[in-house]
Amino acid sequence: MTASDPKADLHYYLQAARGALVWKLEGLSDYDVRRPLVRTGTNLLGLVKHVTGVEIGYFAQTFGRPSDEHLAWLDDPQPNADMWATADESRDETMDRYERVCRHSDATIDALALDAVGHVPWWPADRAEVTLHRILVHMVAETNRHAGHADLVRELIDGAAGTRREFDNLPNVDEQWWDRYRDQLEQVARQFQK
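Bear in mind the structure is a predicted one, so any value in this text is a computation, not a measurement.

1. So, the environment of threonine 86
You can see threonine 86 is positioned in the loop between helix H3 (44–61) and helix H4 (91–111). Separated by 33 residues in the primary sequence, threonine 86 and glycine 53 have C-alpha atoms spaced 15 Å apart.

Following this line, the structure appears as structure tokens:
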């Protein structure tokens, strides 16, 4: 059995989740990446914008490693200001900012030991003192959660699904198989209708 480096493992899974999130926007129009396809308005570009703010909060602010990035939406009193891109916020600007913030986060991860202590000011006082280890676990979960949202939104847009462009982790079947599969699931579900 090969020895494992816990920090490298966590960092790898964070980077994989980031890649899955970014991939969900590839090949889509500016309209499609902004489309709110569910009642709560979840949209692909907004998910990237949100995760950008989360990365800055947890890897910059928490560990006292300021970033040069100014996230104006953090000062916006409107609820969910971080969950969508305004007409003035271009797709390229949003994606470039996310990439820069991720590089800053990666530098923080590289510079600190897993037991390095930080402080999350928006968490309750009894949980606000954290380690890099805890924040890495939190961010792997957070980023994967939003990559999952993005996967469903992307599937609603054009049917593309899966974890990565080069390996989608879905069964290698034709479209008719998916239609039959979905019909089978619908038939089972209907047995539970009241």
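2. Remarks on unusual backbone geometry
For asparagine 80, which is not glycine, the phi torsion reads 65° and is therefore positive. Looking at the element boundaries, asparagine 80 is found in the loop between H3 and H4.

3. Focus on the nonpolar core
For soluble globular proteins, nonpolar side chains are generally found buried alongside one another. By size, the foremost hydrophobic cluster in this structure holds 19 residues, and its most contacted members are Leu21, Leu25, Val33, Leu44, Leu45, Val48 and Tyr98. Elements with a contribution of two residues or more to this core: helix H1 (6–23), H3, H4 and helix H5 (132–158). Among the elements that make up this core, the one with the highest residue count is H3 (five residues). With residues near it in sequence (within four places) discarded, leucine 25 still touches Val33, Leu44, Leu45, Val48, Arg91, Met95 and Arg154. Of all hydrophobic cores here, the second largest spans 17 residues; its members include Ile109, Val130, Leu132 and Ile135.

4. Remarks on the packing of aromatic side chains
The full count for this structure, using the stated rule, is six aromatic pairs. When the ring of tyrosine 58 is compared with that of tryptophan 122, the centres are 5.2 Å apart and the planes differ by 65°; the resulting orientation is edge-to-face. Residue tyrosine 58 is found in helix H3, and its partner tryptophan 122 is found in the loop between strand E1 (117–119) and strand E2 (129–131); the two are separated by 64 residues along the sequence. Take tyrosine 58: its relative accessible area is 7%, and that puts it in the buried class. On the numbers, 5.7 Å between centres and 80° between planes, the contact of tryptophan 178 with tyrosine 181 is edge-to-face. With tryptophan 178 and tyrosine 181 both in helix H6 (residues 175–190), this residue pair falls three residues apart, about one helical turn.

5. Examining the pattern of salt bridges
Taken as a whole and assessed by the stated rule, the structure comprises twelve salt bridges. Two residues, arginine 91 and aspartate 30, come together in a salt bridge whose shortest N-O distance is 3.4 Å. Here aspartate 30 lies in helix H2 (residues 30–34) and arginine 91 lies in helix H4, a separation of 61 residues in the sequence. Relative accessible area serves as the criterion here: at 45%, aspartate 30 is assigned to the partly exposed category. As a salt-bridge pair, arginine 97 and glutamate 69 come within 4.0 Å of each other at their nearest N and O atoms. With arginine 97 in helix H4 and glutamate 69 in the loop between H3 and H4, the pair connects residues that are 28 residues apart, well separated along the chain. According to the relative accessible area criterion, arginine 97 is buried, its value standing at 8%. Sharing partners across several salt bridges, the network here consists of Glu69, Glu93, Arg97 and Arg100.

Rules of the game
Residues numbered from 1 in each chain as written. Predicted model: local features only at pLDDT ≥ 70, side-chain atom pairs only at ≥ 80, totals over all residues. Heavy atoms only, no water. Helix = DSSP H or I, 4+ residues; strand = E, 2+ residues; numbered from the N terminus. Core = buried A, V, L, I, M, F, W, Y, C linked by side-chain atoms within 4.5 Å. Buried < 20%, exposed > 50% of the residue type's maximum accessible area, 1.4 Å probe, protein only. Contact = heavy atoms within 4.5 Å. Phe/Tyr/Trp six-rings, centres within 6.5 Å; stacked < 30°, edge-to-face > 60°. Salt bridge = Lys/Arg side-chain N within 4 Å of Asp/Glu carboxyl O.

Just geometry here; none of it tells us what the structure is for.
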